[in-house]
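The residues making up each chain are set out below.
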Protein chains: 2
Amino acid sequence: MKVTEEIRGFKAANISSDGIAELKEAARKARIWSILATSVAKSGHPAGALSSTDIYMTLLGAANVTPQTANNIDRDRIVVSHGHTSAGFYSALAAYGFFKPEDMYSNFRRTGSPFHGHVERVVPGVDWGTGNLGQGLAAGVGFALAARARGSKARTWVVMGDGEQVKGQVAEARRIAVKEELTNLVAVVDWNDIQISGHINEVMPCNLPELWKADGWQVIECDGHSFAKIYGAMKAAAEYNGCAVVLCRTVMGKGVSFMQNIPKYHGKPVSGDELAAALNELGGTMEMFEKAVEARRGAMPKGREEAEETVVLDLGTPRTYTKDDKKDNRGAFGTALAEVGALNYKKADRTPILVFDCDLAGSVKVDGFEKACPDNFVEIGIQEHSAATAAGAASTAGVVTVWADFGVFGADEVYNQQRLNDINHTNTKTVLTHVGLDVGEDGMTHQCIDYVSLFRNMFGWKVVVPADPNQTDRATRWMLAEVGNVCLAMGRGTLPVVLKEDGTPFYGDGYKFEYGAIDTLRDGKDAVIISMGHFAGRAIVARDLLAEQGVSAKVLHCATPLGMDDKELIKLIGDLPVVTCEDHNADTGIGSIVAMELARAGKAVKIVNMGVTHYGLSGPNEEVLAEMGLTPQDIADVVKGLLK
Amino acid sequence: MKVTEEIRGFKAANISSDGIAELKEAARKARIWSILATSVAKSGHPAGALSSTDIYMTLLGAANVTPQTANNIDRDRIVVSHGHTSAGFYSALAAYGFFKPEDMYSNFRRTGSPFHGHVERVVPGVDWGTGNLGQGLAAGVGFALAARARGSKARTWVVMGDGEQVKGQVAEARRIAVKEELTNLVAVVDWNDIQISGHINEVMPCNLPELWKADGWQVIECDGHSFAKIYGAMKAAAEYNGCAVVLCRTVMGKGVSFMQNIPKYHGKPVSGDELAAALNELGGTMEMFEKAVEARRGAMPKGREEAEETVVLDLGTPRTYTKDDKKDNRGAFGTALAEVGALNYKKADRTPILVFDCDLAGSVKVDGFEKACPDNFVEIGIQEHSAATAAGAASTAGVVTVWADFGVFGADEVYNQQRLNDINHTNTKTVLTHVGLDVGEDGMTHQCIDYVSLFRNMFGWKVVVPADPNQTDRATRWMLAEVGNVCLAMGRGTLPVVLKEDGTPFYGDGYKFEYGAIDTLRDGKDAVIISMGHFAGRAIVARDLLAEQGVSAKVLHCATPLGMDDKELIKLIGDLPVVTCEDHNADTGIGSIVAMELARAGKAVKIVNMGVTHYGLSGPNEEVLAEMGLTPQDIADVVKGLLK
């Protein structure tokens, strides 16, 4: 497209008349491709695609991203928040040469094709996979924070639907952007007034300009089908010294007379005579359609392969806590994080670490990092959904992101945001404190007894549940340089250091954290106790109680329940009866994983899974654990019961 | 309290000077109790409690709820959204005689006591357990909707903190209230400008009045420590013909000079000299404290036992679909729901059914109900968090609530809201459509492959995954009258009716849905195929393929993975090799439950768990399932492999 020579980077004050003519012609073709894509697939959202086409065409011409720079770290990023307009965005990308249009429209929503029903990162030019509405602006906030931390001049653009404007997460993201003074972020709303069930004002009314204004954004309205107006509004928003949103007044189904403003075309492609009529209006032909149907049976186009993120950090020297130290795991995490933070803060060629907090810095122990690296600390307030998404998106853009929160907020409350992070192959580190019953008196609403189960549903997340402050220190340093999503989970209470039989720290000097390892804390020949997290120490106490009664119990600890080496596990168990114990729902944590591995291995040994079996009470940890039947004595009793 | 004679129900225009004097004196005592409670427990949030005390004291005097009416269905309901101010609310309840103050402050946050760290429904006068911020207003919306559906004149009051105002779910709830014209709902904000990490404007700035105004609420500001002003503002809000919020300007730590406006007392009780000084300022004594410490070792007070909800509905006559019917499960659900809805709509002595939709009525098939029962249909728009909480709260207030949504929105996106519903013992029905890979071309962001795993983490939820339209019809009718939380899950596609060997419907005439039952669809002697949901039909096809090769496979179906009769399961399996199959993550669905039951029973049979092992592609169902290795032929092949 020639027009890019004048408008790329918003150089020109206005688009020339030649440029507008070129955009109009290209948009006409893009609309044909959108119709073809959805009609060939017999599935998709044609009317929303047509509505957003002129926005996409303008933005892709003027933003600093091209097919050649689409994988560059300093490109402008574009988030399409209303991912169901995929056909429209893909068509605009094709118009700018990101791929061949016929590859796209012939293979849209075809099984195995990169051109998924909702935008996914496997498509060149797509920076964030969406499809669950309301998350895009938070992703944009993440990209903008990452760019700023890296000193990059890149802008982030977030194009959104109007139906999703009522989703709470959008308002959260608006506030973060204003608080963080993100002048490198621009929001654009396709305001066609129609969502799947009908007109906005019938489904869920909202005063769009007032919502943005109330959160401190500059609102710029424009005709969303005038290239000159869209360009002018986007340029003004990009250059505004603050946060600005462009509200584009559009027509759903724009370009095909009988589809315009008709809600049923939101999620329904045209076919038969309607298809012919639509193509005819746009200057397309049924021949194109038939060719595309034919091509759909042919070779499959390939998607983008993104390079893996690289992380360069000095991880410092592990700290070893000894048996006289009174330390909680969260404190050990906070100390290690602050140390690594300080070692790398603002150093050239190091990957910046961004730490996110949701009004709990003191409790989750990121206050040390905040002091050491103030410019890399992001306070989000009580807005967990946006924190999760922003941390996820930023982690794909050249920074390491750490978000620490109570377990129920960092996992339970944002489960779906973490799932979308998984789908987007992010590299975020979520640190959960106050997991299990180990939350003190805060009671059942604060007991995160399900985090292993939650992340087990996804395919990329690693979960680490360290046994003591020493393992926490090493796992923290490991995690910071590990590519991929990692959840580090720990309770609230002070813990004894796990010791070898000689009284020296088990996870001290000479220990190196290895994902997947199963640690034999004590050997034994009568039974196996398999522990996770702070139950390691309790299992050793139980083992000592058993020893007094002449029972020899082996004690294993696995900090990585989802990555456990299954062959090693079966070998370590041998034919001994098994008791698993954990500060987690007894049916869904490491116990269930061990049981399943035993069943799959066809191994019939006795097994009891100890853990949380009902919501815990509100009281001191040890009392709450005792009420749950999880004292070391309880563990010893269960082991003895199995030996009868 | 004598003052209630004049102000109960907001009768008086103003509170008399005698009334104000009585309230002042009672509030002074309540503040002493809050200090005692947190200091005896050595845990809790004293400063927020003191901040909200005058609000609670005014509200409990004037709202239509007393210790005598605290379980009446037509009482005013009070939601304390910032549940960490529990000591303050409990103290105010004690002042109005809901229980003895010394029972509360001696046993606050004591293990086994009803006086949990965050407000819970086991305390008389608490209508909604909170502790995760930002959910209270949505619960209030639910109560207000239920009252209106029942024709009750009761009001709902929601008292909120200011830190939680930025949480997106609050904005969602505001919009629902305005759209539904809930004049029976009043919000009250304790605006002390301080949250746990510091002043609001440092943590996450927001323009409080503008946010409420932008969503269409009337904003009334007042001095939150003047009983006359609070009363006047609450009365004006209650009588306002629309939605109104009272923003109370307060001082955190009010009443104890050295605690006022000091963030550290947000979450830290006073002790030692500070405790003595605080008590002294309020007119209390250390003797009271010592007595409370002593009493904490004594008998435990009892909590409230709430009566179980009763549901009265005509469930109509089940429909039987035959082998010639082309029907999807969601259609069968929608038809049954509309039928039962129409049978009971606006009939005296029947429990009202409220149906919630999030902009997907046509897809999730609640449009039939909407037509039949328009006044009981609530359109929430794309605001799932608030939909989940509102449906939960309403279901504890004399109505049956059904919320239907795509699986990823009704389970994944709102996992924590459903967890809070579980903790609150609600009776809500969540209907998930489009679960599994059975979502058509929408792709991975829309594949809900974890719902069994999610609800398995909770202790009260029942999950039902019907095999075909007939079982769906019967499960729907059963669910509507079932007390407790039920999730009914189904895919998108048209399904064959599951037939007996004689060709008649298996789940047809004569079949009654029973929670926990395992159905033997086909008998066999060589292997067992255990299926869930629409895999029942696929398992039968696999069994027929095996029969052609001389293999006799038993086919079981269990629609209720979390309630499966484990003894019956083990009996049905016997010593046969097992293949489980499901449209769910293979590691976390019914397969993992069967494996765990086998391990726990010490039973060594061969087992393979078939299911979803990576995110699925975007394409037609059968193609996506085939790519995942889940065709009937794949199932047959795995069974054969086990027999080698």
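Structure: see above.
Conventions we followed
All residue numbers here refer to positions counted from 1 along the written sequence of the relevant chain. For this description, chains carry letters from A and ligands carry numbers from 1, given in the order in which they are written. pLDDT decides what is reported in this predicted model: residues at 70 or higher carry local features, side-chain atom pairs at 80 or more are listed and counted, and totals for whole chains, interfaces and linings draw on all residues regardless. Excluding hydrogens and water, the side-chain values take into account all heavy atoms of the structure. Whether a set of points on the 1 Å grid over the protein atoms alone is a cavity depends on a 1.4 Å probe fitting there but being unable to get out, while an open set qualifies as a pocket with protein on both sides within 12 Å along at least five of seven lines; lining residues are those with an atom within 4 Å of a point. Grid points are joined across faces, edges and corners, and a volume is the space filled by probe spheres set on the points. Residue polarity follows a fixed list, in which Ala, Val, Leu, Ile, Met, Phe, Trp, Tyr, Cys and Pro are nonpolar, Asp, Glu, Lys and Arg are charged, and the others, Gly among them, are polar. Copies overlap after least-squares fitting; the atoms used are the C-alpha atoms of residues with pLDDT of at least 70 in both. It only takes one pair of heavy atoms within 4.5 Å for two residues to be counted as in contact. Only centres within 6.5 Å qualify two rings of Phe, Tyr or Trp (six-membered ring in Trp) as a pair; their planes then separate them into stacked at under 30 degrees, edge-to-face at over 60, and tilted for everything else. Our definition puts a charge over a ring when NZ of Lys or CZ of Arg is within 6 Å of the ring centre and also within 35 degrees of the ring normal. Each nonpolar core is a collection of buried residues, namely Ala, Val, Leu, Ile, Met, Phe, Trp, Tyr and Cys, held together in the definition by side-chain atoms within 4.5 Å. The cut-offs for exposure are 20% and 50% of the maximum accessible area for each residue type, with area from a 1.4 Å probe on protein chains only; residues under the lower value are buried, those over the upper are exposed, and the others partly exposed. Two strands are said to pair when DSSP picks up at least two bridges between them. Runs of H or I in DSSP of at least four residues are treated as helices and runs of E of at least two as strands, each being numbered from the N terminus. A fitted line through C-alpha atoms represents every axis, and for helices the fit uses only the stretch in contact; the resulting angles, taken between N-to-C directions, go from 0 to 180 degrees. Any N or O atom pair separated by 3.5 Å or less is treated as a polar contact, with the protein-specific requirement of one donor-capable and one acceptor-capable atom, and with residues adjacent in sequence counted only for side-chain atom pairs.

### Some words on empty space enclosed by the protein
Residues and elements named next belong to chain A. Under the counting rule described, the total for this entry stands at 10 cavities of 30 Å³ or more. By volume, the largest cavity amounts to about 110 Å³. Taken together, 17 residues make up the lining of the largest cavity; nearest its centre are Val435, Val465, Gly491, Gly533 and His534. Among the residues forming the lining of the largest cavity, the class breakdown is eight nonpolar, six polar and three charged. Here the residues of the lining of the second largest cavity sort into seven nonpolar, four polar and one charged.

### Comments concerning the relation of the copies chain A and chain B
Overlaying chain A with chain B gives an RMSD of 0.0 Å, the required rotation being 180 degrees about an axis along which the chain moves by 0.0 Å. Those values place the two copies in the arrangement expected of a two-fold rotation axis. When C-alpha distances to the rotation axis are compared across chain A, the minimum falls at Gly168(A), with a value of 1.7 Å. When the interface residues of chain A are mapped onto chain B, 100% of them are again interface residues, pointing to one common binding face.

### A short note on the packing of aromatic side chains
Scanning the model with the defined rule gives 33 aromatic pairs over all chains in all. A ring pair is formed by Phe258(A) and Tyr265(A), whose centres lie 6.2 Å apart and whose planes are at 70 degrees; its orientation type is edge-to-face. Site record: aromatic cluster; members linked through ring pairs are Tyr90(A), Phe99(A), Phe108(A) and Phe115(A). Seen from the ring of Trp212(B), Arg174(B) lies directly overhead, with NZ or CZ sitting 4.7 Å from the centre.

### Examining the nonpolar core
Burial of nonpolar side chains together is a common tendency in soluble globular proteins. Ranked by size, the top nonpolar core spans 204 residues in total, and within it Tyr451(A) and Tyr451(B) carry the most contacts. When residues no more than four places from it in sequence are discounted, the contact partners of Tyr451(B) are Ala411(B), Leu432(B), Val435(B), Val463(B), Val465(B), Ala489(B), Met532(B), Asp583(B) and His584(B). Core analysis: the second largest hydrophobic core is formed by 100 residues, Trp212(A), Ala393(A), Trp191(B) and Cys206(B) among them.

### What to know about the sheet that holds strand β11 (residues 400-406) of chain B
All names here are of chain B. The sheet built from six strands is open, its strands ordered β10-β9-β11-β12-β14-β13 with parallel pairing. Here the strands that pair on one side only, and so sit at the sheet edges, are β10 (377-379) and β13 (462-464). Adjacent strand axes in the sheet meet at a mean angle of 20 degrees, parallel and antiparallel pairs treated alike. Judged from the six bridges that link them, β11 and strand β12 (residues 428-433) form a sheet pairing that is parallel. Looking across to β12, one finds that Ala404 is bridged to Val431.

### Comments concerning the sheet that holds strand β2 (residues 156-161) of chain A
All names here are of chain A. Pairing in this open sheet of five strands is parallel, and the strands run β1-β2-β3-β7-β6 from one edge to the other. Looking at strand neighbours, the two that pair on one side only are β1 (77-80) and β6 (218-223), the edges of this open sheet. Strand-to-strand twist across the sheet, computed as the mean angle between neighbouring axes with direction ignored, equals 20 degrees. Two elements, strand β3 (residues 185-191) and strand β7 (residues 244-249), share six bridges in a ladder whose sense is parallel. Considered in β7, the bridge of Asp190 is made with Cys248. On the sheet, helix α6 (residues 136-150) packs against β1, β2 and β3 and is oriented at approximately 180 degrees with respect to β2. Contacts from helix α10 (residues 227-239) reach β2, β3, β6 and β7, with the element oriented near 170 degrees to β6.

### Focus on the side chain of Thr130(B)
With respect to the helices and strands, Thr130(B) occurs in the loop between α5 (101-107) and α6 (136-149). Residue classification places Thr130(B) among the buried residues on the basis of a relative accessible area of 3%. At 2.7 Å, the side chain of Thr130(B) and the backbone oxygen of Val80(B) are in polar contact. Not counting residues up to four positions away in its chain, the partners in contact with Thr130(B) are Thr445(A), Val80(B), Ser81(B), His82(B), Gly83(B), His118(B), Val119(B) and Glu120(B).

### A word on helix α16 (residues 384-394) of chain B
Burial analysis of α16(B) places 11 of its 11 residues in the buried class, which makes it a mostly covered element. Inspection of α16(B) places Glu384(B), His385(B), Ser386(B), Ala387(B), Ala388(B), Thr389(B), Ala390(B), Ala391(B), Gly392(B), Ala393(B) and Ala394(B) among the buried residues, and these make up the whole buried set.

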